[in-house]
Amino acid sequence: MENDTDYPRLRIRIVLGPAEMIGPGKAELLQRIGQTGSIAAAGREMGMSYKRAWELVGTLNAMFRDPLVDSTRGGPGGGGAVLTDAGHTVLGLYRAFEQDVATAGAARLDALQVLRRDIPHEK
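Described below are features of the structure shown in this document.

### Observations regarding the layout of surface pockets
Phase 1 of the analysis: Empty space within the second largest pocket amounts to approximately 180 Å³.
Phase 2 of the analysis: Lining the second largest pocket are R11, R13, M21, I22, G23, P24, G25, K26, R52 and L56.
Phase 3 of the analysis: Those elements that provide at least two residues to the lining of the second largest pocket are strand 2 (20–22), helix 1 (24–36) and helix 3 (50–63).
Phase 4 of the analysis: Among the elements that make up the lining of the second largest pocket, the one with the highest residue count is helix 1 (three residues).
Phase 5 of the analysis: Considered class by class, the residues forming the lining of the second largest pocket number four nonpolar, two polar and four charged.

### Quick notes on the packing of aromatic side chains
Here a ring pair, both rings aromatic, is described through the centre-centre distance and the interplanar angle of the planes.
Phase 1 of the analysis: By the definition in use, this model includes one aromatic pair.
Phase 2 of the analysis: Consider the rings of Y50 and W54, whose centres lie 6.1 Å apart with planes at 65 degrees: the pair is edge-to-face. Separated by four residues within a single helix, Y50 and W54 lie in helix 3, roughly one turn from each other.
Phase 3 of the analysis: Given a relative accessible area of 34%, W54 falls into the partly exposed group.

### Some words on the packing of helix 1 against helix 3
Phase 1 of the analysis: Where helix 1 meets helix 3, the axes come as close as 11 Å, and the angle between the chain directions of the two elements is 100 degrees. Taken as axis vectors, helix 1 and helix 3 run roughly perpendicular relative to one another. Taking contact as the criterion, the partners of K26, L29, L30 and I33 in helix 1 are, on helix 3, A53, L56, V57, T59, L60 and M63.
Phase 2 of the analysis: Classifying every residue of the contact of helix 1 with helix 3 gives eight nonpolar, one polar and one charged.

What counts and how
Residues numbered from 1 in each chain as written. Predicted model: local features only at pLDDT ≥ 70, side-chain atom pairs only at ≥ 80, totals over all residues. Heavy atoms only, no water. 1 Å grid on protein atoms, 1.4 Å probe; cavity = no way out; pocket = protein on both sides within 12 Å on 5 of 7 lines; lining within 4 Å. Points joined across faces, edges and corners; volume = space filled by probe spheres on them. Helix = DSSP H or I, 4+ residues; strand = E, 2+ residues; numbered from the N terminus. Nonpolar A, V, L, I, M, F, W, Y, C, P; charged D, E, K, R; others polar. Phe/Tyr/Trp six-rings, centres within 6.5 Å; stacked < 30°, edge-to-face > 60°. Buried < 20%, exposed > 50% of the residue type's maximum accessible area, 1.4 Å probe, protein only. Axes fitted to C-alpha atoms, helices over the stretch in contact; angles between N-to-C directions. Parallel < 35°, antiparallel > 145°, perpendicular 65-115°, else oblique. Contact = heavy atoms within 4.5 Å.

As structure tokens, this is what we get:
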């Protein structure tokens, strides 16, 4: 849950091509796949349908030379998903970029925050 201390904040979207981008949602999906070992579980944690999670993984895998997620079908032994080396690299680069931008822009974000009008939560 967000609160007033969460603002201002940056949400970085990197556009790699006309229909190719990576932003906070795809980065979070990759991170959660890495944590849960499952595309379905990662999607559920994000309130995302199974179908949407799979579509985003397909999009991510198609965007890069090497796939970012490797999945195995369910069955007697169960299925699962893991981030590939490329997936770890792309997620790491995205997170590092977020941190670089937040650090470089911190003073400007603070200046914008000072200029904001105070608006009570209840009108």
